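# Structural description and commentary
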Amino acid sequence: MSKNVDLYSSSYSNYSLETYRQIRLETYGEDYGQTSWVSTEESHEIPELLRLSSSSSVLEIGCGSGGYAVGLAKRIGCRVVGFEIDPSGVKTATALAEDEGVSDIATFEQHDASKQLPYEENSFDAIYSTDVMCHVPFRKQVLTKTRELLKTGGRFVFSDALVVAGVISNEEIATRSSVGMYFFSPPGVNEQLIQESGLKLLEARDTTENSALLSKRWHDAREKRREALVASEGNENFLGVQRFLECVHTLTSERRLLRFLYICEK
């Protein structure tokens, strides 16, 4: 069986290293500190889907190292609050906001999305979450809380990269889950939970191709920098991340595991 692998903490804590920046650029084409399956096209479309303006108040669930939230604050001028369960992500995000001169409108906090959140109801114009919901237990409660935090007419955009559509072995599940806690779901469950939470589903978009493409690029970009990454992560962890990325590519390219983007409204 696959051992636990450190993908997220090492990516967040090593955010500023040139090797990791090169890997992100080669994988995504742009550098937002990504550790997800969001294509550049999707990244550019999210503000439009959320209908953001300079007066918007935005919440990001699972902000990672904060690159995307900081980018939104710089480009649009909106106020962004991001929270992340990993302390190294919050630390990196806070430093990045300060470096980019947007710490007055982009702030970051450490919270667990499945726990009580310190935000008032009806306080955000938009909320988004990129490939994070599959890590979070009690999904219906999280969706319900998200609806409560949104202002009337506000939008919530999130993605789920673990929609099961075919036969997956126990070893494949273990490898795909080796980098953290995950919750797999069959097709239709997210749609059902969105409806039960009181949110209105505007669109469920199949974006599985993103996962298949980006996992291969990410794997290959890391492989080209094996020596530097082994020095940073250790050989065992380097190989574990590579196995994880190979598994993601296999499952998504064969469409046994799907990724969907959900656009919702209150």
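### Let's talk about the overall build of the protein
A tally of helices and strands in the protein yields 11 helices and seven strands. Scaling as 2.2 N^0.38, a compact globule of 266 residues should have a C-alpha radius of gyration of about 18 Å, and the protein matches this with 18 Å. Looking at the protein residue by residue over its 266 residues, the buried ones come to 56%. Across the protein, every contact between residues at least 6 apart in sequence was considered, and the portion connecting residues at least 24 apart equals 77%. The averaged location of the 39 negative side-chain charges in the protein is 2 Å from the averaged location of its 29 positive side-chain charges.

### Here's the deal with the pattern of salt bridges
In total, this model carries 20 salt bridges according to the counting rule given. With a closest N to O distance of 2.7 Å, glutamate 18 and arginine 21 form a salt bridge. Here glutamate 18 pairs with arginine 21, and both are found in helix H2 (residues 18–28), just three residues apart, close to one helical turn. Overall, glutamate 18 belongs to the partly exposed group, its relative accessible area being 38%. For arginine 21, a relative accessible area of 33% gives the class partly exposed. Among the salt bridges present, the one from arginine 256 reaches glutamate 254, with a minimum N-O distance of 2.9 Å. With a relative accessible area of 16%, arginine 256 lands in the buried category. Overall, the relative accessible area of 49% leaves glutamate 254 in the partly exposed class. What emerges from the salt-bridge pattern is a single network uniting Glu26, Lys224 and Arg225.

### Remarks on the environment of glycine 234
Here glycine 234 lies in the loop between helix H10 (226–233) and helix H11 (235–253). On a C-alpha basis, the gap between glycine 234 and isoleucine 105 in space is 37 Å, while along the polypeptide they are 129 residues apart.

### Focus: the packing of H2 against helix H9 (residues 208–223)
Remark: H2 packs on H9, axes separated minimally by 8 Å, with the N-to-C direction vectors making an angle of 145 degrees. With respect to the hand of their crossing, H2 and H9 are arranged in right-handed fashion. Residues Ile23, Glu26, Thr27 and Tyr28 of H2 touch H9, and the partners they reach there are Leu214, Arg217, Trp218, Ala221 and Arg222. Of the residues in the contact of H2 with H9, the class split is five nonpolar, one polar and three charged.

### A look at the packing of helix H3 (residues 40–50) against helix H4 (residues 67–76)
H4 packs onto H3 with a crossing angle of 55 degrees between their chain directions and a minimal axis gap of 12 Å. Looking at the two axes, H3 sits oblique to H4. Considering only the axes of H3 and H4, their crossing is right-handed. Here Ser43, Ile46 and Pro47 of H3 come into contact with H4, specifically with Tyr68, Leu72, Arg75 and Ile76. Across the contact of H3 with H4, the residue classes break down as five nonpolar, one polar and one charged.

Reading the values: the criteria
- Residues numbered from 1 in each chain as written.
- Predicted model: local features only at pLDDT ≥ 70, side-chain atom pairs only at ≥ 80, totals over all residues.
- Heavy atoms only, no water.
- Helix = DSSP H or I, 4+ residues; strand = E, 2+ residues; numbered from the N terminus.
- Rg over C-alpha atoms; globule rule 2.2 N^0.38 Å.
- Buried < 20%, exposed > 50% of the residue type's maximum accessible area, 1.4 Å probe, protein only.
- Contact = heavy atoms within 4.5 Å.
- Lys, Arg positive; Asp, Glu negative; His and termini not counted.
- Charge placed at Lys NZ, Arg CZ, Asp CG, Glu CD.
- Salt bridge = Lys/Arg side-chain N within 4 Å of Asp/Glu carboxyl O.
- Axes fitted to C-alpha atoms, helices over the stretch in contact; angles between N-to-C directions.
- Left-handed = near helix turned anticlockwise from the far one by under 90°.
- Nonpolar A, V, L, I, M, F, W, Y, C, P; charged D, E, K, R; others polar.
- Parallel < 35°, antiparallel > 145°, perpendicular 65-115°, else oblique.

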